[in-house]
Amino acid sequence: MASLPSFLGGLNLSRVAANMGVDASSAAASSDQSSEFCTLMEYVGKGGIDVGDGLVVLLGHLEYASKKIAALVASPFNSSLGKNVTIASTPSERDEPKPLDIVSNEIILSALRHSGKVSVMASEEDDLPVWINDDGPYVVVTDPLDGSRNIDASIPTGTIFGVYKRLVELDHLPVEEKAILNSLQSGTRLVAAGYVLYSSATILCASFGSGTHAFTLDHSTGDFILTHPNIKIPPRGQIYSVNDARYFDWPQGLRQYIDTIRQGKGKYPKKYSARYICSLVADFHRTLLYGGVAMNPRDHLRLVYEANPLSFIAEQAGGKGSDGKSRILSLQPVKLHQRLPLFLGSPEDIDELESYGDVQQKVNPGYEV
């Protein structure tokens with residue numbers, strides 16, 4: 001078990017307890033009980049939920065990659081990467097990558113190669129999946145650095161990943177074909193999914209098919225510590241997250257829904273507040289903890305790399321992921337970079353949203369920012 005970080009060692013528990021109106025002996029006892037914590041590797045290993053040796057190794061390498069990306073994102077020198085990274089022209093299905101996107105993608109690919117447990121990696125930053133080895137039992141899909149254009153303003157960013165089992169029945173196919181088909185599995189076949197939030201804290205939130213759990217990076221030890229076990233999203237929240245500036249491009253149903261909830265005239269008789277970071281991982285993380293709904297109503301987010309993993313996490317926490325009409329995990333991907341609207345959040349909020357019918361934005365004039 002990991003020890004209490006050294007920087008907390010000098011905390012005067014008696015003074016803290018007095019200021020909070022808590023008995024000092026109770027505070028000390030609580031501190032003794034919390035002096036040891038469960039790390040991510042302990043949680044998934046044989047002493048914890050035991051996800052299997054292969055998946056433990058894979059998660060260990062993803063953990064290592066996320067720590068390298070966290071350090072890269074926070075580095076005062078990351079702005080100089082653009083001078084050293086050559087970015088090829090980008091197909092229309094993909095966003096123009098930033099230098100940090102390319103570097104983060106290479107960090108994850110290198111980690112997965114060294115794990116020895118991954119046959120193929122499909123990334124938002126690559127045109128096609130990368131076949132790694134024939135024997136790896138797992139397939140990884142990833143958005144290596146979501147929200148990278150926000151880094152210069154120190155706005156939170158994140159990594160998203162999903163893990164599938166390799167489809168052994170496809171082993172006889174040519175490499176490119178079996179790489180694509182393995183990457184286009186339905187979200188119902190996910191065995192694990194997670195995101196890493198790079199913000200005031202670095203938080204790795206994941207599900208292995210039995211609840212959703214969040215681990216916070218302790219920089220003094222390098223361990224991810226279980227800080228949010230068995231997260232349960234509130235059945236209903238009071239926050240919606242969307243770019244309101246696009247209001248007049250929305251369909252009538254979505255405008256009516258937003259107008260109704262922010263006036264407190266919906267099924268929940270209180271006015272909703274808007275909170276929008278424009279960083280998918282950050283907006284989803286807040287929604288997961290506080291409830292409500294986070295959305296992008298236009299065909300913008302990727303089913304394979306973003307919608308499926310985050311919907312898996314949402315469902316394991318008691319929430320829902322929808323495209324405005326259907327359950328995300330029920331959709332069969334047909335293209336690697338397939339885009340769709342995405343609505344994530346509390347089950348009652350998603351149900352109410354869907355009841356308005358016309359919530360998918362089909363008009364897309366093209367946005368520069």
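- Going by the annotation in an unreviewed UniProt entry, the name recorded for the chain is fructose-bisphosphatase, with Coffea canephora given as the source organism.
- Listed under Sequence similarities (unreviewed entry) in UniProt, the entry text for the chain is "Belongs to the FBPase class 1 family."
- What UniProt records for the chain under Catalytic activity (unreviewed entry) is the sentence "beta-D-fructose 1,6-bisphosphate + H2O = beta-D-fructose 6-phosphate + phosphate".

## Concerning the overall build of the chain
In step 1: In terms of helices and strands, the chain carries ten helices and 15 strands.
In step 2: Going through the 369 residues of the chain one by one, you find that 52% of them count as buried.
In step 3: Across the chain, the fraction of contacts at a sequence separation of at least 24, relative to all contacts at a separation of at least 6, is 64%.
In step 4: In the form shown here, the chain has an accessible surface area of approximately 16600 Å², with 51% of it arising from carbon and sulfur atoms.

## As for the packing of helix 8 (residues 280–290) against helix 9 (residues 303–316)
In step 1: One way to put it is that helix 8 packs onto helix 9 with a least axis distance of 12 Å and a crossing angle of 15 degrees. Taken together, the axes of helix 8 and helix 9 lie roughly parallel to each other. The chirality of how helix 8 crosses helix 9 is right-handed. Together, Leu-280, Phe-284 and Leu-288 of helix 8 and Glu-306, Leu-310, Ile-313 and Ala-314 of helix 9 make up the contact between the two elements.
In step 2: A class-by-class count of the residues in the contact of helix 8 with helix 9 yields six nonpolar, no polar and one charged.

## Side note on helix 8
In step 1: For helix 8, the buried fraction is high: nine of the eleven residues fall into the buried class.
In step 2: Taken residue by residue, helix 8 has Leu-280, Val-281, Ala-282, Asp-283, Phe-284, His-285, Arg-286, Thr-287 and Leu-288 as its buried positions.
In step 3: Following helix 8 by one or two positions, Gly-291 has its phi on the positive side, about 90 degrees.

## Focus: the pairing of strand 15 (residues 339–345)
The side chains of a regular strand alternate between the sheet's two faces.
In step 1: Counting buried positions over the seven residues of strand 15 gives six, a clear majority of the element.
In step 2: Bridge count for strand 13 (residues 293–302) against strand 15 is six bridges, and the pairing is antiparallel. Residue pairing for strand 15: Ala-294 is matched across the bridge by Leu-344.

Scoring rules and cut-offs
- Along each chain, the written sequence defines residue order, and numbers are assigned to residues from 1.
- Given that the model is predicted, a residue must reach a pLDDT of at least 70 before its local features are reported, and side-chain atom pairs must reach 80 or more before they are shown or counted; all residues, however, enter totals for whole chains, interfaces and linings.
- Hydrogen atoms and water are omitted, and side-chain values are computed over all heavy atoms in the structure.
- UniProt positions are given in the numbering used here, feature names are shortened, and annotations may be inferred rather than shown by experiment.
- Every helix listed is a DSSP run of H or I at least four residues long, and every strand listed is a run of E at least two residues long, numbered separately from the N terminus.
- Buried residues are those whose accessible area, probed at 1.4 Å on protein chains only, stays under 20% of the maximum for their type, while exposed residues exceed 50% and partly exposed ones sit between those limits.
- Any two residues having at least one pair of non-hydrogen atoms within 4.5 Å are treated as being in contact.
- Each accessible area is a Shrake-Rupley estimate made with a 1.4 Å probe; only the visible protein chains count as cover when residues are assessed.
- For helices, the fitted line uses only the C-alpha atoms of the stretch in contact; every axis is such a line through C-alpha atoms, and the angle between N-to-C directions lies from 0 to 180 degrees.
- Orientation labels follow simple angle bins: below 35 degrees gives roughly parallel, above 145 gives roughly antiparallel, 65 to 115 gives roughly perpendicular, and whatever is left gives oblique.
- In a left-handed crossing the near helix is turned counterclockwise from the far helix by less than a right angle, and in a right-handed crossing that turn is clockwise.
- Residue type decides the class: Asp, Glu, Lys and Arg count as charged, Ala, Val, Leu, Ile, Met, Phe, Trp, Tyr, Cys and Pro as nonpolar, and the leftover types, Gly among them, as polar.
- At least two bridges found by DSSP between two strands is the condition for calling them paired.

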